[in-house]
Structures are given as structure tokens and as C-alpha cells.
Amino acid sequence: MASVKNAYSQAEVEPWGNITGIRKSGQLFDFETSLRVVSTDRKHAASTAKEKQQPHYKRVNDDEQEVTTSIDSLHFTENVKDNGSGKIKVTVRLTAHKDTILQGVYFVIALPNEFLNGDLRYSGGDKPELDRFVKASPAEYDDNAKKLELETTTRKFSVKPSEKSLLMVRTENVKGQNKLTLFIPLKLGEIKNGETVEKDFEIRASGEIDKTPVAIAINTTQQGRALEGLGGNFRLQNPKNDPQVIDYSLQNLRVAWGRAEMPWRFWQPKLDADPTLVADSGKIHPAVRKAMEMAHRLDSLGIPVILSAWFPPDWAAEGKLNFRPVNGIWGNKLNKDNMEAIYKSIADYIIYLKNKYGTEPKLFSFNESDLGINVRVTAQEHVDFIKGCGAYFAAHGVKTKMLLGDNSDATTYTFIDPALNDPDAKQYIGAISFHSWRGWDTPILQKWADAATKLGVPLLVGEGSIDAAAWNYPDIFQEPTYALEEINLYTRMLAICQPASILQWQLTSDYSPLIGGGIFGNNEPLHPGQRFWNLKQLSITPKGLCAMPITSSKADVSCAALGDNSKGAYAIHLVNNGSKRKVTLTGLPAGVKELNVYTTNKETSMKQGSVKIKNGAAEFKMPATSYVTLISK
């Protein structure tokens, strides 16, 4: 596995193969490539995209990345190599595993909106009239040419195949927006089993680099919900490698919330068995014992615990347990004939955990029950369960509250609507949760903030990260682009959602923020990567600071602010997604004279400095593509 510690990752490559731009001096000149397979009748097309294939990603060298993937019977290898300032070489190799007739297989490049108003020129083509700059849109262009160039008032883009090729320009509607899109055929018509096609392209992107100053303004007159701090998931799945990551994380992070599994199907596999008697007789299942010990360890450190169940026992589910999706549907519905037994089984687990280990979870949930990972309920069944199980808990002296939602994504916010509007459910709800795998648009995230405000309970991001399928291509965890995108989302969620905690998925060897130790086949000594340093930097936010409004004059600088006016304590988190620039921070009270500054990026790990406040403003330099935290002294 190549080290990327000192690499300048010029090309931004998603692990499924799409190139999303080229960075120069930290600024991303964005575009998005894909591989597209089009049927003969043009009615069906399949493209490389997130969670659509099963790709493999690796960094070959500091300046080279490679993705292998398949669409139907076509296997692709895509190699992307940095080739100079603002320039990359892309090599795509296509191999067919059966005879297939298609309209075509294309390398596709979607350009930003500004290119719709730009100009284009073909070089060395068959049409001399296109060997000069013409308006790029709304016309359609096709030419066999050596090069295609596009220009706007601020940007330039070009693609140059290694040999003369058909280069097509179209305007496509992509997610509701028109995009100028380039199509380069890899193969047209029939492709035979075993046939291999390979094509090379040189892509250049350049333009004005925005180095203008950034104005950040905090409004300390308004205080929102309190952040208790960074949290973590501790679902045990790898007995060999989990312990070292858990130990390191708990020793080096301030963990404010923890989430542990209730291995329900091992706790009470049979309906007519008393799981407490079985456990007391010494026959407790090892997975149950380890999960309880994990919950107790968190509790002993003063960390409140969420208890979540994944797989139900057979008797608690309808039909045969589905460990994988069946006809596209995940999980199992609960057996309605056994609801009282279900409530009792869960309560018995919590009571045993309290009596044996002295640990009582703060909250209980079924993991991602909106989707069915692995209990599946409807929105109405969700609120019915909250009321039914919540009432059972209360009647039997269990103080654990129900966690509303714990949704698979932010996008499925309507799942919690019945509970939000049911006054009888409120008394049993201790918090609201969603997982941050999808649904990052501000209006969607705001739905969750509004729900927490409506119920007057804390909001938790029960699983925090950005790519649920990343375990399939774990090399991506070491990429600076992944680390920056993850902490950028967290910063935005702090500002928009005002959560009590973002619980990292996970602080175990699964999706590990640590590198080496045999994890994912990497036998380097265990050590923190950029993602871990980001988490540590976030975790030093003083407990209990409240969200405060903050604004940035630049769209590529995300920001969140927290403070406590009574203590004169403040923390500001900034993520610079662009070039190095000067920052002016205003709005802090006159009593704040100096700020500690921490910076993490691919080259530095929580590098510490300080900045004094003069005439009501703090001025400092923010490195390119960096996460910066300022905490009042």
C-alpha cells in the first residue's frame, strides 16, 4: 500500500472510478467523469456511480490511482496518473467477458455549468470549421479530432486522446441541471468475449485560483443546542483487530457518546427460553458477553451508551431471517404475534446488563429500521413500537428511553413524522438520530434540526461518515480527499443540525480511522491517519458549548461555531476546501483576547499555534485543503 502522507493528490478520484476534478494549489477545478454503457435502443444506460457497482480502489504510487470495476459483463481498469501541474493521464482498459451488442461504451465528462456559456474548439479534426472557438451550447458537435478545448472567462479545460478519436459534445440534464457533457467512445457496436480495448486521454484543467481573503463572522447573541462532543460506534465484529483500535481511540479521544450492539438473536434464540436464567447459568453467548462488556467499559468511563439491535432472533421475525436483501428488500418485519415477548426480551437484556455490570443504556434502537438493517418497520410501526416498548420499559423500572429514527440516511426523514406528531409517543423518546451516509443538502439536514427542536430532545448523528460501501475499497480511508470530505460534512452538520454528538462509524477496525496493525492487510505499526487527527481535533471542543450562528464569505470554506457566553468559552471549526488564504474572524466578545489554533491536513496533524484578537478581529492564514479549529484561551 503506497504512502500518501507526502503526496500531492492532484487528481480527485472517487473509489468507483469517477474523476471529480484536478486540484492546483489546493483549488479544485471540478468536472466529473464516468464510464457509461448504452444499450442498442439507447433506452438503457448504466454508468459508474456510488453504490452502483462493486469496485476496487488502490493508490499505486504517490501520483497514481487505479480503480477496477464491472458493468454487467464488461470489466474496466481505470488508471489515473498526475502528469504535471493541472494535467492528468487517464488510461481505460475494457475487457468483455461475453459477446455483447451495444450502442456503445463511452468515457463521459460532465463539465460545470459555467461551460454552457463558454466556447469550444476541435484541433486536428476532420471539420476545419470547428478548428476555431465557437459557442459550446446549445449546439451539438461531433468530430474525429486530436484534441478538444473549452474555455470560459475564468477557466480552461481540454481532453486529448493518445490518437485521433471521435469526440462528441452534448447538453444533458443531470440531476435537474443542464450540463455540457463530452462523450468519447471506447467501443461502438459489438464486442466479443475476451476482446480488450484500451484508450489513453490527457486531461487538463486550469483557471483563476481564488486567493482572496475570507471573512468569517460569528453571532454570539444566539445560542442553540449544546454539543456534548464526538461519539463513536463500538459494534464488535473483528475479535483480532477491534481491541487495538478501541483501546487507542478511548485512550486518545474524548468520547462523549458511545453506541454498542445488543446481539439480540444470541441473547434469546428461542421464544420459550429464559435468557436471564441461561446467562446466570454461565451459558451466555460469547458475543453477548463481549457486547455487554463493551457497553460497560463505555459506561465506566462516563460515556452514555446507545444500545442498538441489528438481527432479531427467528421467533421475533416474520419469515426466514434475511441476512442479505431479497428482491431488493432488506431485513425482516417483527412478528406481531410476539410483540409482548419482544418487549420483554429487550427489557430483560437491559435489566441483566444493569444487574450484572451496573450499566443502564440511555437509549435503545433498532438499527436502520427504515431500511431493514436488519429489523424493518414502517413509519407507523416505528411509533407503535416506541409506545409499546417504551410503556413496557416504564412499567418494569427500565429507565432507558427510545431513540427515534436511527435512520439509514438523512433522506428518509418522513419516517419519523408519525412519532413527531403523536403526543402519546413523546414521553418515551429520549433523542432523535439519523446516519449521515446520504442526504447532505442543507434543506434535508435542516429537517432533522427542526424535528429535534419540535420534540425538545437532543439530536444525534448515530453513524457518522460518508460512504457506507467504503469497507469494499479500504485504501480510500487513507486518502486526504476522503478525510477532508468527511470532516467538511461534520462541520456542516454541527452548524445546521446542532447535534449533541456525531458518533463515528466506527472506532473499531471496521472503517478504522487508524492505519496498520494488520487492519485491511496493512502490517505497518498501528498509527493515526488524517481522519483520526480530524476526529481528535473535533473531540477537543469543550463539552457543553452551544451552537451559534456563523457565516463565511466563501462557499468553499465551511464553518461551525459553538460557545458559552456565561463562561466566555468559544470554539470555531473551519474547513478550507480551496487554496491557501487569509482569514478575518469577527464577532467574538471583547473579553476574548487570544485563540488557540489547531490545523490538520495531509501534511500536518493538529499543528498548534495561536492568534491574538486586535480591534475585534482575529487575522490568520489558513492552509489549503485544511481543517482548522480555534478555541478561546
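Located above this text is the structure these notes cover.
Residues numbered from 1 in each chain as written. Predicted model: local features only at pLDDT ≥ 70, side-chain atom pairs only at ≥ 80, totals over all residues. Heavy atoms only, no water.

(A) Highlighting the overall build of the protein. Within the protein, the regular secondary structure consists of 10 helices and 39 strands. In terms of C-alpha radius of gyration, the protein reaches 27 Å, essentially the compact-globule figure of 26 Å for 633 residues. Projected onto its principal axes, the C-alpha positions of the protein cover 85 × 70 × 50 Å. For the protein, buried positions account for 57% of its 633 residues. (Helix = DSSP H or I, 4+ residues; strand = E, 2+ residues; numbered from the N terminus. Rg over C-alpha atoms; globule rule 2.2 N^0.38 Å. Buried < 20%, exposed > 50% of the residue type's maximum accessible area, 1.4 Å probe, protein only.)

(B) Structural context of the environment of Glu14. Along the chain, the position of Glu14 falls in the loop between strand 1 (11-13) and strand 2 (19-24). With 562 residues separating them in the primary sequence, Glu14 and Asn576 have C-alpha atoms 20 Å apart. Apart from residues lying up to four places away in sequence, Glu14 is in contact with Thr20 and Val67. (Contact = heavy atoms within 4.5 Å.)

(C) Here's a closer look at the pattern of salt bridges. Across all of its chains, the model carries 32 salt bridges by this definition. Taking the shortest distance from any N to any O, the salt bridge between Lys387 and Asp422 comes out at 2.8 Å. Here the residue Lys387 occupies a position in helix 6 (residues 379-395), and Asp422 occupies one in the loop between helix 7 (417-420) and strand 26 (429-435), the gap between them amounting to 35 residues. Overall, the relative accessible area of 14% leaves Asp422 in the buried class. Across the pair Lys582 and Glu619 runs a salt bridge, and its minimum N-O distance is 3.6 Å. One end of the pair, Lys582, is in strand 35 (residues 581-586); the other, Glu619, is in strand 38 (residues 617-622), and 37 residues separate them in sequence. (Salt bridge = Lys/Arg side-chain N within 4 Å of Asp/Glu carboxyl O.)

(D) Fine view of the environment of Pro325. Along the chain, Pro325 turns up in the loop between strand 23 (305-309) and helix 5 (339-357). Taking relative accessible area as the criterion, Pro325 reaches 34% and is therefore assigned partly exposed. In this structure the C-alpha to C-alpha distance between Pro325 and Ile373, which are 48 residues apart in sequence, comes to 9.4 Å.

(E) Quick peek at the packing of aromatic side chains. Summed over the entire model, instances satisfying the criterion amount to 20 aromatic pairs. Taking 5.7 Å as the distance between ring centres and 50° as the angle between the ring planes, the aromatic pair formed by Trp267 and Tyr352 counts as tilted. In this pair, Trp267 is assigned in helix 2 (residues 264-267) and Tyr352 in helix 5, connecting sequence segments 85 residues apart. Across this residue pair, the class does not change: Trp267 and Tyr352 are buried. When the centroid spacing of 6.4 Å and the interplanar angle of 45° are considered together, the rings of Tyr343 and Tyr392 count as tilted. Here the residue Tyr343 occupies a position in helix 5, and Tyr392 occupies one in helix 6, the gap between them amounting to 49 residues. (Phe/Tyr/Trp six-rings, centres within 6.5 Å; stacked < 30°, edge-to-face > 60°.)

(F) Quick look at the state of the cysteines. Taken as a whole and assessed by the stated rule, the structure comprises 0 disulfides. In this model Cys546 remains outside any disulfide bridge; the closest cysteine sulfur is found in Cys497, 16 Å from its own. Exposure remark for Cys546: the relative accessible area of 14% places this residue in the buried category. The thiol of Cys559 is unpaired, and the distance to the nearest cysteine sulfur, on Cys497, comes to 14 Å. (Disulfide = S-S within 2.5 Å.)

(G) Representation of the side chain of Lys554 within the structure. Structurally, the position occupied by Lys554 is in the loop between strand 32 (550-552) and strand 33 (557-564). You can call Lys554 buried: its relative accessible area is 19%. If sequence neighbours within four positions are ignored, Lys554 has contacts with Asp210, Thr212, Pro213, Val214 and Arg581.

(H) Spatial organisation of the pairing of strand 39 (residues 626-632). With 7 of 7 residues buried, strand 39 lies mostly within the body of the structure. In this structure, strand 34 (residues 569-576) lies alongside strand 39, joined through 6 bridges in antiparallel fashion. Its bridge partner lying in strand 39, Asn576 is registered against Ser626. Examined bridge by bridge, strand 36 (residues 594-600) and strand 39 share 6 bridges and lie antiparallel to one another. What sits directly across from Leu595, in strand 39, is Ser632. (Pairing = 2+ DSSP bridges.)

(I) Inspection of the nonpolar core at higher detail. If you look at the biggest cluster of nonpolar residues, it comprises 156 residues, and the most contacted ones within it are Phe157, Trp264, Phe385 and Ile432. Ranked by residue count, the leading element in this core is helix 5, at 10 residues. Residues within four places of Phe385 in sequence aside, it is in contact with Leu334, Met339, Ile342, Tyr343, Ile346, Phe364, Phe366, Gly390 and Met402. If you look at the next biggest cluster of nonpolar residues, it comprises 24 residues, including Ile216, Tyr570, Leu574 and Leu588. (Core = buried A, V, L, I, M, F, W, Y, C linked by side-chain atoms within 4.5 Å.)

(J) Structural detail: the side chain of Thr91. Tracing the sequence through the fold places Thr91 in strand 9 (residues 87-96). A polar atom in the side chain of Thr91 sits 2.9 Å from the side chain of Asp200. In this structure, Thr91 is in contact with Thr77, Glu78, Asn79, Glu198, Lys199 and Asp200, ignoring residues within four places of it in sequence. (Polar contact = N/O pair within 3.5 Å; in protein donor to acceptor, adjacent residues only side chain to side chain.)

(K) Just the sheet that holds strand 37 (residues 607-614), in detail. The sheet built from 11 strands is open, its strands ordered 20-31-33-34-39-36-37-38-35-19-32 with mixed pairing. The open sheet has two edge strands with one neighbour each: strand 20 (226-227) and strand 32. In terms of strand pairing, strand 37 meets strand 38 through 2 bridges, oriented antiparallel. Paired with Ile613 across the two strands is Ala618, which belongs to strand 38. In this fold helix 9 (residues 480-496) packs onto strand 20, strand 31 (545-548), strand 33, strand 34 and strand 39, with an angle of close to 45° to the strand it touches most, strand 33. Packing against the sheet, helix 10 (residues 530-539) makes contact with strand 34, strand 36 and strand 39, and its axis sits at approximately 160° to strand 36. (Axes fitted to C-alpha atoms, helices over the stretch in contact; angles between N-to-C directions.)

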